[in-house]
Amino acid sequence: MFTRLPPLQTLRAFEAAGRLSSMTLAAQELNLTHGAVSRHVKTLEAHLGVPLFERLTRQIVLTEAGAAFLAVVARSLAELTREAERLRSLNVATRLTLSTSVSLASKWLAPRLHRLMVRLPDYDVHLDVTDINVDLSDGRIDAAVRYGAGQYPNAVAERILDETVTPVCSPAYRNRIGTSASPEELASCTLLHEDRMLANWEQWFALAGLAKLRSRGPAYSHGSLAIEAALRGEGVALGRSMLVAEDLAAGRLVAPFPELTLKAERGYDLVYRPGNQDHPKVRAVRDWLADEIRLFLSSVGR
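Quick caveat, the model's predicted, so the values are computed rather than measured.

Caption draft 1: How the structure looks around the overall build of the protein chain. From N to C terminus, the protein chain includes eleven helices and ten strands. Whereas a compact globule of 302 residues would reach a radius of gyration of roughly 19 Å, the protein chain reaches 28 Å, over 25% beyond that. Across its three principal directions, the C-alpha atoms of the protein chain cover 90 × 45 × 35 Å. Surface summary for the protein chain: the accessible area is close to 16200 Å², and the carbon and sulfur share equals 54%. Side chains of the protein chain give 36 positive and 34 negative charges; the mean places of these two sets differ by 3 Å.

Here you go:
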């Protein structure tokens, strides 16, 4: 039935070019090249068997057939867009999308997400994992949990937990360096670094009264990768408290100097669109996070 319809991309190119009276402006709007728009229009003209534009020296002008066809195409695309938005809104109403970073998702948030699902049996909970601070304005993401300084453009941020860091390593590595090792002896160990963490080994050594010590060692773009290296016994990582909590509790990691805990400059924030502080989805995520953080803090003695 629909085998005679022109390809959709040719209709979109034609509609933009006809509405704007310019292949160049249509290309800019559709994020295509001028040549691609021109090819789409020529393909549509060949498909229909009639010219849709008069191509003058510095402009294009719709033919009579083109003007009539543009009215039909514009109306049809608008109706398709409205119906697509209507159907999408039905899905959005029962979908809660929470965005967070790779490290936090894998090491802390994902293992606890099932309790949010229990709280919200009428919602489909989706976890969007990315280290990019996503744009919340389009409504695709309901809320985000971010690690940072608490300042995000065009968004509200509620601090949910300040972060601390302390050295962690595998039990086998701890035995290798000796259970009575001093902080000074860590300088001769392989020290694992997280590139984007402001709190660093030099600051931790200063906290331990060893301000002149400098650290070297491999660096990782994600905190979770540095922790995985520590789990494999490759060295000592300066572990963020939330990211190492599960592994410390399970005994996969140990903290040789728990009394020497450095407060990080950054922390974790619940981030959402302005004006959405009382939205049911945001309230549900806020309440769930508050309970999870209470459990977390009691488990680590904070």
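Caption draft 2: Structural detail: empty space enclosed by the protein. Counted by the stated rule, this structure contains one cavity of 30 Å³ or more. Put simply, the largest cavity is a space of about 60 Å³. Looking at the largest cavity, the residues that line it are L192, H193, E194, M197, G223, A226, I227, A237, L238, G239, R240 and L243. Elements that contribute at least two residues to the lining of the largest cavity include exactly β7 (191-194), α9 (223-231) and β9 (236-240). For the lining of the largest cavity, the element with the most residues is β9, which contributes four residues. When its residues are assigned to classes, the lining of the largest cavity shows seven nonpolar, three polar and two charged.

Caption draft 3: Molecular detail of the nonpolar core. Membership of the largest hydrophobic core comes to 53 residues, with the highest contact counts inside it found for L98, W108, L186, W201, W204, V236 and W288. Among the elements that line this core, the one with the most residues is helix α11 (residues 280-300), at seven residues.

Caption draft 4: Expanded view of the pattern of salt bridges. Counting across every chain of the model gives 18 salt bridges. With a closest N to O distance of 2.7 Å, R252 and D247 form a salt bridge. Note on R252: relative accessible area 42%, which makes it partly exposed. The partner of R294 in a salt bridge is D291, with the nearest N and O atoms 2.1 Å apart. Here the residue R294 and the residue D291 both occupy positions in helix α11, the gap between them amounting to three residues, near one helical turn.

Caption draft 5: How the structure looks around helix α1 (residues 8-20). Between its first and last C-alpha, α1 extends 18 Å over 13 residues, near the 18 Å set by a 1.5 Å rise per residue. What α1 keeps buried is the set T10, L11, A13, F14, E15, A16, A17 and G18.

Conventions adopted
Residues numbered from 1 in each chain as written. Predicted model: local features only at pLDDT ≥ 70, side-chain atom pairs only at ≥ 80, totals over all residues. Heavy atoms only, no water. Helix = DSSP H or I, 4+ residues; strand = E, 2+ residues; numbered from the N terminus. Rg over C-alpha atoms; globule rule 2.2 N^0.38 Å. Areas by Shrake-Rupley, 256 points an atom, 1.4 Å probe, with all protein chains shown as cover. Lys, Arg positive; Asp, Glu negative; His and termini not counted. Charge placed at Lys NZ, Arg CZ, Asp CG, Glu CD. 1 Å grid on protein atoms, 1.4 Å probe; cavity = no way out; pocket = protein on both sides within 12 Å on 5 of 7 lines; lining within 4 Å. Points joined across faces, edges and corners; volume = space filled by probe spheres on them. Nonpolar A, V, L, I, M, F, W, Y, C, P; charged D, E, K, R; others polar. Core = buried A, V, L, I, M, F, W, Y, C linked by side-chain atoms within 4.5 Å. Buried < 20%, exposed > 50% of the residue type's maximum accessible area, 1.4 Å probe, protein only. Salt bridge = Lys/Arg side-chain N within 4 Å of Asp/Glu carboxyl O. Expected span 1.5 Å × (residues − 1).

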